[in-house]
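Structural description and commentary
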Amino acid sequence: MIVDERMVAFINSFDKGNTPFLDNLEREALAAEVPIIRKETQRLMKFLLTVHRPAEILEVGAAIGFSALFMSQYGPEGCHITTIEKYEKRISLARENFKRAGRQQQITLLAGDAVDILKELKGSYDLIFMDAAKGQYIHFLPDILRLLSEGGLLVSDNVLQDGDVVESRFAVTRRNRTIHARMREYLYELTHHPRLETCILPVGDGVTLSVKI
Ligand code: SAH
Ligand code: MG
């Protein structure tokens with residue numbers, strides 16, 4: 001946890017919850033140890049969806065579909081979500097959950113590796129939610145920028161790597177070092193790219209908000 005636990009508990013105590021379907025799916029995901037967006041990040045996302053009203057949404061990293069369903073619930077009426085997932089077991093669970101929620105028309109799941117899918121993808125997205133393997137964000141960025149509409153919002157989750165990102169590279173375990181280096185590079189790119197205005201927020205596991213200018 002990157003923010004003081006009491007502070008997080010305090011902030012979350014104001015949470016009014018989501019729909020019964022989403023609350024139930026969240027419980028299922030947490031019980032099965034599927035990583036889904038945290039409460040604080042959900043609140044931020046709900047706010048952004050309300051302010052920005054994105055018609056076309058792209059998500060990288062569907063897991064079992066919680067955040068995609070969340071966005072379909074709290075995005076503007078008629079919004080469409082395209083989400084990418086590569087892990088076979090999660091793909092079938094996500095599909096099942098979209099069906100259970102009656103939202104198969106509103107959400108398109110692209111099964112496969114985002115490395116390949118993003119290259120082929122066309123169109124223009126008003127909001128892109130980056131929530132896949134942290135070490136790959138930097139590689140996805142050129143395609144993400146191409147796919148993001150002008151004035152579009154890029155939201156990236158888990159950018160503070162559970163706090164590891166601020167440590168010296170020697171203080172993080174060997175297996176996390178590559179992610180550490182790549183995440184710092186990603187944060188640098190987002191904050192210095194001429195087409196982006198970015199802020200880094202210590203919300204949940206760290207979130208960046210970037211708008212394409
Ligand atoms: N957005 C989800 C959680 C996603 S967890 C939610 O909040 O409900 C991250 C997911 O990204 C995992 O299921 C993982 O399998 C997937 N993933 C990681 N790298 C990927 C890649 N290169 N292509 C597609 N999916 C990827
Ligand atoms: Mg995440």
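Provided above is the structure to which this section pertains.
The sections below set out a description of the structure shown in this document. (Residues numbered from 1 in each chain as written. Chains lettered and ligands numbered in written order. Predicted model: local features only at pLDDT ≥ 70, side-chain atom pairs only at ≥ 80, totals over all residues. Heavy atoms only, no water.)

Here strand β5 (residues 148-157) lies mainly inside the structure; eight of its ten residues are buried. Bridge analysis of strand β4 (residues 125-130) against β5 gives five bridges, and the strand direction is parallel. What sits directly across from Met130, in β5, is Ser156. Taken together, β4, helix α7 (residues 137-147) and β5 constitute a β-α-β crossover, and its handedness is right-handed. Relative to strand β7 (residues 207-212), β5 is paired through five bridges, and the arrangement is antiparallel. (Buried < 20%, exposed > 50% of the residue type's maximum accessible area, 1.4 Å probe, protein only. Helix = DSSP H or I, 4+ residues; strand = E, 2+ residues; numbered from the N terminus. Pairing = 2+ DSSP bridges. Right-handed = clockwise from strand over helix to strand, strands pointing away.)

With that settled, consider the coordination of the magnesium ion (ligand 2). Asp131 (OD), Asp157 (OD) and Asn158 (OD1) make up the full set of protein donors to the magnesium ion (ligand 2), lying at 2.1 to 2.2 Å. By relative accessible area, which is 16% here, Asp131 ends up buried. (Donors = N, O, S within 2.8 Å, 3.2 Å for Na, K, Ca; no water.)

Counting across every chain of the model gives four aromatic pairs. Each ring, one from Tyr137 and one from Tyr186, has its centre 5.3 Å from the other, and the planes form 70°; the classification is edge-to-face. In this pair, Tyr137 is assigned in helix α7 and Tyr186 in helix α8 (residues 174-192), connecting sequence segments 49 residues apart. Per residue, the accessibility class of Tyr137 equals that of Tyr186, and both read buried. Every member of this aromatic cluster is reached through a ring pair, and the members are Phe66, Phe70 and Tyr74. The ring of Tyr74 has Lys46 lying over it, and the distance from NZ or CZ to the ring centre is 4.2 Å. Over the ring of Phe170 we find Arg169; its NZ or CZ atom is 5.3 Å from the centre of that ring. (Phe/Tyr/Trp six-rings, centres within 6.5 Å; stacked < 30°, edge-to-face > 60°. Lys NZ or Arg CZ within 6 Å of the ring centre and 35° of its normal.)

Right, let's get into the site of ligand 1. Looking at ligand 1, there are 21 residues lining it, with Ser67, Glu85, Arg90, Asp131 and Gln136 nearest. One of the side-chain nitrogen or oxygen atoms of Arg90 is found 2.8 Å away from an oxygen atom of ligand 1. Residue Asp131 places a side-chain N or O atom 2.8 Å away from a nitrogen atom belonging to ligand 1. Its free accessible area being 590 Å², ligand 1 has 93% of it covered by the protein chains. Looking at side-chain class alone, the shell around ligand 1 contains eleven nonpolar, four polar and six charged residues. (Near = heavy atom within 4 Å. Polar contact = N/O pair within 3.5 Å; in protein donor to acceptor, adjacent residues only side chain to side chain. Areas by Shrake-Rupley, 256 points an atom, 1.4 Å probe, with all protein chains shown as cover. Nonpolar A, V, L, I, M, F, W, Y, C, P; charged D, E, K, R; others polar.)

Here the focus is the pattern of salt bridges. Taken as a whole, this structure holds five salt bridges when the rule is applied. For the salt bridge of Arg146 with Asp143, the shortest nitrogen-to-oxygen distance reads 2.9 Å. Residue Arg146 and its partner Asp143 are located together in helix α7, separated by three residues, close to a single helical turn. (Salt bridge = Lys/Arg side-chain N within 4 Å of Asp/Glu carboxyl O.)

Moving on: the pairing of strand β3 (residues 107-111). Successive side chains on a regular strand alternate, one facing one side of the sheet and the next facing the other. As judged from the five bridges shared by strand β2 (residues 80-85) and β3, these two strands associate in the parallel manner. The partner of Thr82 across the bridge, within β3, is Thr108.

Let's shift gears to the environment of Glu189. Along the chain, Glu189 falls in helix α8. For the pair Glu189 and Leu118, spaced 71 residues apart in the sequence, the C-alpha separation amounts to 19 Å. Excluding anything up to four places from it in sequence, Glu189 contacts Ile138 and Leu141. (Contact = heavy atoms within 4.5 Å.)

With that settled, the discussion passes to unusual backbone geometry. Positive phi values are uncommon outside glycine, yet Glu33 reaches one of about 60°. Considering the arrangement of structural elements, one finds Glu33 in the loop between α2 (20-31) and α3 (39-52). Owing to a relative accessible area of 70%, Glu33 belongs among the exposed residues under this scheme.

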